[in-house]
Amino acid sequence: MKDFFEGIQYLFEDILFAPLNWLREVELENWWAANTLNWLFIIICMVAIVYWILQLKKFNDAGEEDKSISAHSFLK
């Protein structure tokens, strides 16, 4: 069993986390390069929010949304 768990440790520490360890080392040299992963996630979230707002506006302009007081069962 010990070898099994050491194998899992090797997989995560030496293989799967290698890119993150590289980013940690790069941080001392270049902050922007070290945070590329964070910037990528921020950009993806911003695009998703803009898309969501545009879809809300499209449905609102089309008048498809039921805006009555009893539109949702939990409001009755």
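Read on for a plain summary of the structure. Keep in mind it's a predicted model, so treat the numbers as computed, not measured.

A short note on the environment of R24
Okay, so step 1: Within the secondary structure, R24 sits in helix 2 (residues 18-26).
Okay, so step 2: Residue classification places R24 among the exposed residues on the basis of a relative accessible area of 55%.
Okay, so step 3: A distance of 3.1 Å separates polar atoms of two side chains, one belonging to R24 and the other to N21.

Here we look at helix 4 (residues 36-62)
Okay, so step 1: With 27 residues, helix 4 should cover 39 Å at 1.5 Å per step; its first-to-last C-alpha distance of 39 Å lies within 8% of that length.
Okay, so step 2: Positive backbone phi, at 75 degrees, marks G63, one or two positions downstream of helix 4.

Some points on the pattern of salt bridges
Okay, so step 1: Applying the stated criterion across every chain, the model contains two salt bridges.
Okay, so step 2: Here K2 ties to E6 by a salt bridge, and the two come within 3.9 Å at their closest N and O atoms. Note that K2 and E6 are positioned in helix 1 (residues 2-16) at a spacing of four residues, about one turn of the helix.
Okay, so step 3: For E6, a relative accessible area of 38% puts it in the partly exposed group.

What to know about the packing of aromatic side chains
Okay, so step 1: Following the criterion strictly, the structure yields five aromatic pairs and no others.
Okay, so step 2: Both rings, one in W31 and one in W39, keep their centres 6.4 Å apart while their planes meet at 80 degrees; by these two values the pair is edge-to-face.
Okay, so step 3: Look at W39 and you get partly exposed, because its relative accessible area is 35%.
Okay, so step 4: Here the aromatic cluster, defined as three or more aromatic residues joined through ring pairs, consists of W31, W32 and W39.

Regarding the packing of helix 1 against helix 2
Any two packed helices are characterised by how steeply their axes cross, that is the angle between the axes, and by the distance between the axes.
Okay, so step 1: The interhelical angle for the contact between helix 1 and helix 2, taken along N-to-C directions, is 45 degrees, at an axis separation of 5 Å. By the criterion of interaxial angle, the relationship of helix 1 to helix 2 is oblique. Facing E13, D14, I15 and L16 of helix 1, the residues of helix 2 in contact are A18, P19 and N21.
Okay, so step 2: Along the lines of polarity and charge, the residues of the contact of helix 1 with helix 2 split into four nonpolar, one polar and two charged.

The rules behind these values
As a convention, each chain's residues are numbered from 1 in the sequence order in which they are written. For this predicted model, a pLDDT threshold of at least 70 governs which residues receive local features, and a threshold of 80 or more governs which side-chain atom pairs are given and counted, while totals over whole chains, interfaces and linings are taken from all residues. The side-chain values count all of the structure's non-hydrogen atoms but skip hydrogen atoms and water molecules. Comment: elements are numbered from the N terminus, with helices defined as DSSP H or I runs of at least four residues and strands as E runs of at least two. The rule is simple: take the accessible area with a 1.4 Å probe, protein chains only, and divide by the maximum for that residue type; under 20% is buried, over 50% is exposed, in between is partly exposed. Polar contact is the term for a pair of N or O atoms within 3.5 Å; when the atoms are in protein, one must be able to donate a hydrogen and the other to accept it, and sequence-neighboring residues count only if both atoms are side-chain atoms. Expected span of a helix, by definition, is 1.5 Å for each gap between consecutive residues, and there is one gap fewer than residues. A carboxyl oxygen of Asp or Glu within 4 Å of a side-chain nitrogen of Lys or Arg is what we treat as a salt bridge. Stacked, tilted and edge-to-face pairs are distinguished by plane angle, under 30 degrees for stacked and over 60 for edge-to-face with tilted covering the rest, among Phe, Tyr and Trp rings (Trp via its six-membered ring) whose centres lie within 6.5 Å. To define axes, lines are fitted to C-alpha atoms, for helices over the stretch in contact only, and angles between the resulting N-to-C directions are given on a 0 to 180 degree scale. The cut-offs work like this: below 35 degrees is roughly parallel, past 145 is roughly antiparallel, 65 to 115 is roughly perpendicular, and the gaps in between are oblique. Contacts: residue pairs with any heavy atoms within 4.5 Å of one another. Note on residue categories: nonpolar means Ala, Val, Leu, Ile, Met, Phe, Trp, Tyr, Cys or Pro, charged means Asp, Glu, Lys or Arg, and polar means any other residue, Gly included.

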